[in-house]
Amino acid sequence: MIKRPHTPIILMAAVLTVAGQAKANDATFGGAGGALAPLKETRVRMASEHITIEQSSRWEWSVTAKYTFENTTNQRVHLQMGFPELACRGDCDQEHPYTMHGLRTRVRNQATPTRKGTIDPKRKPTWAPTLGLIHLFDVSFEPRETVHVEHIYTHAMSTSVD
């Protein structure tokens with residue numbers, strides 16, 4: 001980690017900036033490809049969320065997002081879950097116009113493949129007008145099971161105030 005005298009202030013500003021953008025909780029989604037829609041799911045609840053942001057280089061943050069989910073029912077539940085990513089605004093790498101790079105997802109501490117989709121524009125939630133990609137993955141919950149999900153990625157710093 002790079003040591004700088006103003007790092008705590010810069011980090012707090014970055015956390016507040018990212019927090020405003022980081023409406024990236026895992027959620028359930030219906031549909032496929034470019035016709036996804038967020039679903040209200042009551043059988044499985046998010047019990048905890050822990051986000052760690054560290055400066056990993058001069059121009060990049062490393063982010064680890066850990067979630068604990070609980071199946072509140074006595075039945076097996078299979079869900080298509082998704083980790084939302086906002087579309088980049090302002091300073092963007094035109095080759096990769098999104099904000100997360102190198103996303104790795106783990107479910108039950110096992111590497112889990114993801115596939116990409118986008119929200120159907122007619123069903124885009126009002127809380128995320130700039131929602132970009134959704135990184136989808138499947139999770140099956142046994143009755144009353146607690147499942148840990150982790151996402152690790154990097155996020156480029158921006159010089160923009162947009």
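In this report, we go over the structure that sits alongside the text. (Residues numbered from 1 in each chain as written. Predicted model: local features only at pLDDT ≥ 70, side-chain atom pairs only at ≥ 80, totals over all residues. Heavy atoms only, no water.)

Once that is clear, we can look at the overall build of the chain. Along its length, the chain carries 1 helix and 10 strands. Listed by position from the N terminus, the elements making up the chain come as α-β-β-β-β-β-β-β-β-β-β. A burial count over the chain gives 35% of its 162 residues as buried. Put simply, the chain shows about 9,700 Å² of open surface, and 54% of that area lies on carbon and sulfur atoms. (Helix = DSSP H or I, 4+ residues; strand = E, 2+ residues; numbered from the N terminus. Buried < 20%, exposed > 50% of the residue type's maximum accessible area, 1.4 Å probe, protein only. Areas by Shrake-Rupley, 256 points an atom, 1.4 Å probe, with all protein chains shown as cover.)

Here the focus is the side chain of Thr112. In this fold, Thr112 is placed in the loop between β7 (110–111) and β8 (115–118). At a separation of 3.2 Å, a polar atom in the side chain of Thr112 contacts the main-chain amide nitrogen of Val107. Setting aside chain neighbours within four positions, we find Thr112 in contact with Thr105, Arg106, Val107 and Phe137. (Polar contact = N/O pair within 3.5 Å; in protein donor to acceptor, adjacent residues only side chain to side chain. Contact = heavy atoms within 4.5 Å.)

What follows is about the environment of Leu86. You can see Leu86 is positioned in strand β5 (residues 77–86). Judged by its relative accessible area of 16%, Leu86 falls in the buried class.

Per the stated rule, a full pass over the model turns up 3 aromatic pairs. With centroids separated by 6.3 Å and ring planes inclined at 65°, the aromatic side chains of Tyr67 and Phe83 adopt a geometry described as edge-to-face. On the criterion of sequence distance, the pair formed by Tyr67 in strand β4 (residues 60–71) and Phe83 in strand β5 is long-range, its members being 16 residues apart. Assigned by exposure class, Tyr67 and Phe83 land together as buried. Counting every residue linked through ring pairs, the aromatic cluster contains Tyr67, Phe69, Phe83 and Tyr153. (Phe/Tyr/Trp six-rings, centres within 6.5 Å; stacked < 30°, edge-to-face > 60°.)

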